[in-house]
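Structural features, examined
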Amino acid sequence: MISDITAAQDAALADIAAAPSLEDVVVLTTRLSGKKGELAALKKRLGSLDSIDDRKAAGQAVNDAMAAVDAALAARRAELAQVEMASRVDAERLDLTEFVGRPTRGHAHLVTQAWERLEDVFVGLGFRVAEGPEVETDWHNFEALNMPVGHPARGEWDTLFVDHVPPGGEPGTTVLRTHTSPVQIRTMLEEEPPIYIVAPGRVFRRDTPDATHMPVFHQIEGLVIDRGITMADLAGTIEAFTQAYFGPGFHSRLRPSYFPFTEPSAEFDIQRPNGDWIELGGSGMVHPNVLRAGGLDPEVWSGFAFGFGIDRMAKERHGIEDIREMYADDIRFIEQF
Ligand code: PHE
C-alpha cells in the first residue's frame with residue numbers, strides 16, 4: 001500500500017513538474033487532487049487494510065502525499081503564471097526607441113517658425129500678443145472696419161461664409177475671418193488704451209491655390225492706440241521691426257495705398273541688402289470710424305495698424321518658389337529646413 005502511495009505521489013509530482021501550461025495544471029488538478037483524484041481513490045482502499053497500524057501509517061502517507069501534490073500544483077501554477085505574464089509583456093512591448101534607417105529629428109512647420117519669431121521680435125519691441133476667433137461676425141470682419149454692407153472694398157476679400165445664424169442675427173452674417181484686422185476691434189472693445197498688440201492667426205479666402213495663394217493662410221496684425229500717435233511712429237516701428245527681424249542690412253519704405261480702415265493708408269516694402277524690394281503688407285493710421293466702432297473717442301486717441309502675411313514671410317526668407325510646397329508634407333522638402 002505504502003509503495004503504491006509513494007509511486008502515485010512520485011508520478012503526480014513528475015507530471016506537475018512537467019506541466020507545460022496553466023491549462024495543463026488545471027487538468028492535472030482535477031486528475032490528481034480533490035475527492036475524485038487518484039490519491040483519493042487510494043484513500044478509499046485504506047478500509048481494506050486489516051491492521052490498524054498499517055491503516056494509520058497508510059492514512060498518514062496518503063494525507064502527506066495529497067498535501068505534497070496540492071503544494072506542488074500551487075507552486076507550478078504560480079511559476080507558470082509568472083512565465084506567461086513575462087512572455088505577454090515581452091510580446092506587447094513597444095520599443096519607443098526604435099527607428100528605421102538613420103535617426104531624424106522633427107522641427108516646427110516653417111509657418112510656425114516664422115510666427116514664433118515674429119512674436120519674439122514684436123514682444124522685444126514692447127508689444128503684447130492678442131488673439132481673436134477664426135469664425136467671425138460680418139460686423140467685426142467688415143462693418144466695424146469701416147466697410148458697411150454694400151461697400152465696394154468688401155469685394156477685395158473673397159469671403160467664405162459659414163452656415164450659421166447667430167441668435168437674433170441674420171443669415172449670411174457669419175464668416176471665416178478674411179484677415180486678422182477684426183482683432184483690432186475686439187481688442188479696443190476689451191481693453192483701455194494705451195494698446196500695443198500684435199495678433200497672429202489663421203485667415204481664410206475663397207482662393208484657388210497657386211504658387212502665391214492658399215485659401216487658408218496666416219497673417220499678423222499690429223495695433224497701437226495711444227495719445228498723439230502719428231504716421232512717423234508707424235514708419236519708425238516698421239523700420240525697427242525690419243532690422244530686428246531681417247537684420248541690420250534691411251530697410252523699409254511706406255507707399256501710399258488704400259484700405260477702408262486706415263486713413264492715410266500705406267503699403268510697406270522691405271529692401272534686401274542687394275537692393276531688391278519685397279512687398280510685405282498693409283498699414284496706416286486707424287480710421288476715426290474704426291476708433292468709434294471700438295468704443296474710443298478719436299479726439300482723445302489715435303493709432304496705427306499694420307498687417308502682413310506670415311506664410312509669405314517664410315516663403316521669402318527661405319527662397320521658396322511655390323507656397324504650396326510648404327503644405328505638401330513632402331519629407332524631401334521638410335528636411336531642408
Ligand atoms: N487687413 C489688411 C489685409 O488683409 C491688411 C492691413 C491691416 C492693412 C492693417 C492696414 C492696416 O490686406
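Just so you know, these numbers come straight off a predicted model, no measurement behind them. (Residues numbered from 1 in each chain as written. Predicted model: local features only at pLDDT ≥ 70, side-chain atom pairs only at ≥ 80, totals over all residues. Heavy atoms only, no water.)

1. Describing the overall build of the protein
Looking only at helices and strands, the protein has 11 helices and nine strands in total. The C-alpha atoms of the protein give a radius of gyration of 41 Å, which is well past the 20 Å a tight globule of 337 residues would have. Principal-axis analysis of the C-alpha atoms places the extent of the protein at approximately 125 × 55 × 35 Å. Relative to its 337 residues, the protein shows a buried fraction of 41%. Of the contacts formed within the protein by residues at least 6 apart in sequence, a portion of 64% connects residues at least 24 apart. Total accessible area computed for the protein in this model is approximately 18,600 Å², and 54% of it derives from carbon and sulfur atoms. For the protein, the separation between the mean place of its 32 positive charges and that of its 53 negative charges on side chains is 7 Å. (Helix = DSSP H or I, 4+ residues; strand = E, 2+ residues; numbered from the N terminus. Rg over C-alpha atoms; globule rule 2.2 N^0.38 Å. Buried < 20%, exposed > 50% of the residue type's maximum accessible area, 1.4 Å probe, protein only. Contact = heavy atoms within 4.5 Å. Areas by Shrake-Rupley, 256 points an atom, 1.4 Å probe, with all protein chains shown as cover. Lys, Arg positive; Asp, Glu negative; His and termini not counted. Charge placed at Lys NZ, Arg CZ, Asp CG, Glu CD.)

2. What to know about the pattern of salt bridges
This structure, assessed with the given rule, holds 14 salt bridges. The residue Glu-79 makes a salt bridge to Arg-76 at a minimum N-O spacing of 2.9 Å. In this pair, Glu-79 and Arg-76 are both assigned in helix α4 (residues 52-92), three residues apart and thus about one turn of the helix distant. On the accessibility criterion, Arg-76 (15% relative accessible area) is buried. Taking the shortest distance from any N to any O, the salt bridge between Asp-269 and Arg-253 comes out at 2.8 Å. In this pair, Asp-269 sits in strand β7 (residues 262-271) while Arg-253 sits in strand β6 (residues 251-259), placing the two residues 16 residues apart along the sequence. Taking the relative accessible area as the measure of exposure, Arg-253 reaches 33% and is therefore partly exposed. Salt bridges sharing partners connect three or more residues here, namely Arg-253, Arg-255 and Asp-269. (Salt bridge = Lys/Arg side-chain N within 4 Å of Asp/Glu carboxyl O.)

3. Examining the site of the ligand
In the region of the ligand, 15 residues are neighbours, and His-179, Ser-181, Arg-205, Gln-219 and Glu-221 sit closest. Trp-157 places a side-chain nitrogen or oxygen 3.5 Å from an oxygen atom of the ligand. Contact between the ligand and Arg-205: an oxygen atom at 3.1 Å from a side-chain N or O atom of the residue. In isolation the ligand exposes 320 Å². Once the protein is present, 92% of that is buried. Put simply, the ligand lies in the largest pocket. Where the shell around the ligand is concerned, the elements lending two or more residues are β5 (216-226), β8 (277-286) and β9 (302-309). At three residues, β9 tops the list of elements feeding residues into the shell around the ligand. Of the residues assigned to the shell around the ligand, the class counts are five nonpolar, eight polar and two charged. (Near = heavy atom within 4 Å. Polar contact = N/O pair within 3.5 Å; in protein donor to acceptor, adjacent residues only side chain to side chain. 1 Å grid on protein atoms, 1.4 Å probe; cavity = no way out; pocket = protein on both sides within 12 Å on 5 of 7 lines; lining within 4 Å. Sits in = over half its atoms within 2 Å of the grid points. Nonpolar A, V, L, I, M, F, W, Y, C, P; charged D, E, K, R; others polar.)

4. Structural notes on the sheet that holds β7
The strand order β1-β4-β5-β9-β8-β7-β6 describes an open sheet built from seven strands, whose pairing is mixed. Looking at the sheet topology across the chains shown, the edges are occupied by β1 (128-129) and β6. Across two bridges, β1 lies against strand β4 (residues 195-204) in parallel orientation. Its bridge partner being in β4, Val-129 is matched across the sheet by Val-198. Of the strands in this sheet, β4, β5, β8 and β9 touch helix α10 (residues 310-318), which is tilted by about 55° from β9. (Pairing = 2+ DSSP bridges. Axes fitted to C-alpha atoms, helices over the stretch in contact; angles between N-to-C directions.)

5. A few points about the domain arrangement of the protein
By domain assignment, the protein separates into domain 1 (2-93) and domain 2 (110-334). On a C-alpha basis, the centres of domain 1 and domain 2 stand 83 Å from each other. (Domains from an automatic or database assignment.)

6. What to know about the packing of aromatic side chains
For the coordinates displayed, the defined rule picks out 16 aromatic pairs. Between the aromatic rings of Phe-122 and Phe-306, the centroid separation amounts to 5.5 Å while the plane-to-plane angle is 25°, which identifies the pairing as stacked. Here Phe-122 is found in helix α5 (residues 110-124), whereas its partner Phe-306 is found in strand β9, with 184 residues between them in sequence. Neither residue differs from the other here; Phe-122 and Phe-306 are each classed as buried. (Phe/Tyr/Trp six-rings, centres within 6.5 Å; stacked < 30°, edge-to-face > 60°.)

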